[in-house]
Amino acid sequence: MSTSLPALPAFRSRVVPVVVLQDAAHAVPLAQALLAGGIDVIEITLRTPCALEAIAAVAREVPDMQVGAGTLLGADDVRRAQDAGARFGLSPGHSPALLRAVAEAGLPFVPGVMTPGEVMAAREAGYRLMKLFPATVAGGLDMLKALASPFGDVRFCPTGGVSLDNLGGFLKQPNVALVGGSWLAPAAALQAGDWAQITTLARQAMALSAG
Ligand code: 3PG
């Protein structure tokens, strides 16, 4: 299979907020609040009915935010995410059908892995950036260190169990390119429209990822 897969869009942040939205109207103020705190990438998960509308709103109205679609589980998800305007996709795992669909769509993609065999399958398909999910259950930093030796050309985005407390350690690990996590967009803050809190959380994460 080809190793020249489309590259992810460029973004500065090494922290990727993983977002579950209950209301598409939250998407634009959320994206603006994250940007105000220095985070220019977002993963909107396809876990709620409004997710595609939310992706479309961010793609249309917040062009400086690189919007990705998360929880891509099958070929239909890939098509719908791309049609909505997602600039890239992510998945908690990968399957031959999913990898075929993203390749056919030409959508930049971050496949999920949790085992060496899954890393090998994604690597064979040309991927060099993978989401380690669920990261802390998979062994966290110890797992990343163990994977570094046989897979020296693979970088990871640990997601699942990442927080302000362990973010710095993950980002210092040489084979970690990015981290993902849901703590940056708490459901209560979204519900209350507390965008200032989200900007504060984003600033905290950016300060830790710089240090
Ligand atoms: C997810 O897909 O829900 C992410 O892994 C988020 O995990 P977290 O809630 O532990 O950050």
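Calculation criteria
- Residues numbered from 1 in each chain as written.
- Predicted model: local features only at pLDDT ≥ 70, side-chain atom pairs only at ≥ 80, totals over all residues.
- Heavy atoms only, no water.
- Pairing = 2+ DSSP bridges.
- Helix = DSSP H or I, 4+ residues; strand = E, 2+ residues; numbered from the N terminus.
- Near = heavy atom within 4 Å.
- Polar contact = N/O pair within 3.5 Å; in protein donor to acceptor, adjacent residues only side chain to side chain.
- Nonpolar A, V, L, I, M, F, W, Y, C, P; charged D, E, K, R; others polar.
- Salt bridge = Lys/Arg side-chain N within 4 Å of Asp/Glu carboxyl O.
- Buried < 20%, exposed > 50% of the residue type's maximum accessible area, 1.4 Å probe, protein only.
- Contact = heavy atoms within 4.5 Å.
- Phe/Tyr/Trp six-rings, centres within 6.5 Å; stacked < 30°, edge-to-face > 60°.
- Arc of directions from axis to C-beta.

**Considerations on the sheet that holds strand β1 (residues 15–19)**
- Taken in spatial order, the 6 strands of this open sheet run β5-β4-β3-β2-β1-β9, and their pairing is parallel. Sheet topology places β5 (109–110) and β9 (179–181) at the edges, where each strand pairs with a single neighbour.

**Considerations on the sheet that holds strand β6 (residues 112–113)**
- Strand order in the open sheet formed by 3 strands is β6-β7-β8, with parallel pairing between adjacent strands. The outermost strands of the open sheet, each flanked by one partner alone, are β6 and β8 (155–158).
- Pairing of strand β7 (residues 129–132) with β8, which is carried by 4 bridges, proceeds in the parallel orientation. The residue of β8 that forms the bridge with Leu-129 is Arg-155.

**Topic: the site of the ligand**
- In the neighbourhood of the ligand, the contacting residues comprise Val-18, Arg-47, Phe-133, Thr-159, Gly-160, Gly-161, Gly-181 and Ser-182.
- At 2.7 Å, a backbone N or O of Gly-161 approaches an oxygen atom of the ligand.
- A distance of 2.5 Å separates an oxygen atom of the ligand from a polar side-chain atom of Ser-182.
- The class makeup of the residues in the shell around the ligand is 2 nonpolar, 5 polar and 1 charged.

**A few points about the pattern of salt bridges**
- The tally for this structure, following the rule as stated, stands at 7 salt bridges.
- In this structure, the salt-bridge partner of Lys-131 is Glu-43, at a minimum N-O distance of 3.1 Å. Of the two residues, Lys-131 is situated in strand β7 and Glu-43 in strand β2 (residues 41–45); the sequence distance between them amounts to 88 residues.
- One salt bridge connects Arg-60 with Glu-61, and the closest N-O pair in it is separated by 3.3 Å.
- Of the residues examined, Arg-60 reaches a relative accessible area of 58% and is grouped as exposed.
- Using a relative accessible area of 46% as the deciding quantity, one classes Glu-61 as partly exposed.
- Through salt bridges with shared partners, a single ionic network connects Arg-123, Arg-128 and Asp-153.

**Notes on the side chain of His-26**
- Among the secondary structure elements, His-26 is positioned in the loop between β1 and α1 (27–36).
- Since its relative accessible area comes to 11%, His-26 is described here as buried.
- When neighbours within four sequence positions are excluded, His-26 is seen to be in contact with Leu-21, Leu-190, Gln-191 and Trp-195.

**Examining the side chain of Ser-13**
- Within the secondary structure, Ser-13 is located in the segment before β1.
- The class of Ser-13 is buried, set by a relative accessible area of 1%.
- Here Val-15 takes part through its backbone oxygen, which lies 2.7 Å from a polar atom of the side chain of Ser-13.

**Looking at the packing of aromatic side chains**
- Under the counting rule described, the total for this entry stands at 2 aromatic pairs.
- Between Phe-11 and Phe-88 the ring centres are 6.2 Å apart and the planes differ by 25 degrees, which places this aromatic pair in the stacked class. Residue Phe-11 is located in the segment before β1, and its partner Phe-88 is located in strand β4 (residues 88–90); the two are separated by 77 residues in the primary sequence.
- Residue Phe-88 is classed as buried on the basis of its relative accessible area of 2%.
- Considering the side-chain rings of Phe-109 and Tyr-127, the 5.8 Å spacing of their centres and the 80 degrees angle between planes classify their relative orientation as edge-to-face. Residue Phe-109 is located in strand β5, and its partner Tyr-127 is located in the loop between α5 (116–124) and β7; the two are separated by 18 residues in the primary sequence.
- For Phe-109, a relative accessible area of 5% corresponds to the buried category.

**Quick look at helix α3 (residues 75–84)**
- Regarding α3, the residues found buried are Asp-77, Val-78, Ala-81 and Ala-84. Projected down its long axis, α3 shows its buried positions confined to an angular sector of 135 degrees, all on one face.
- Looking at the buried residues of α3, the elements they touch are α2 (51–61), β3 (66–70) and α4 (96–105).
- The positive-phi residue at the C-terminal boundary of α3 is Gly-85, with phi of around 115 degrees.

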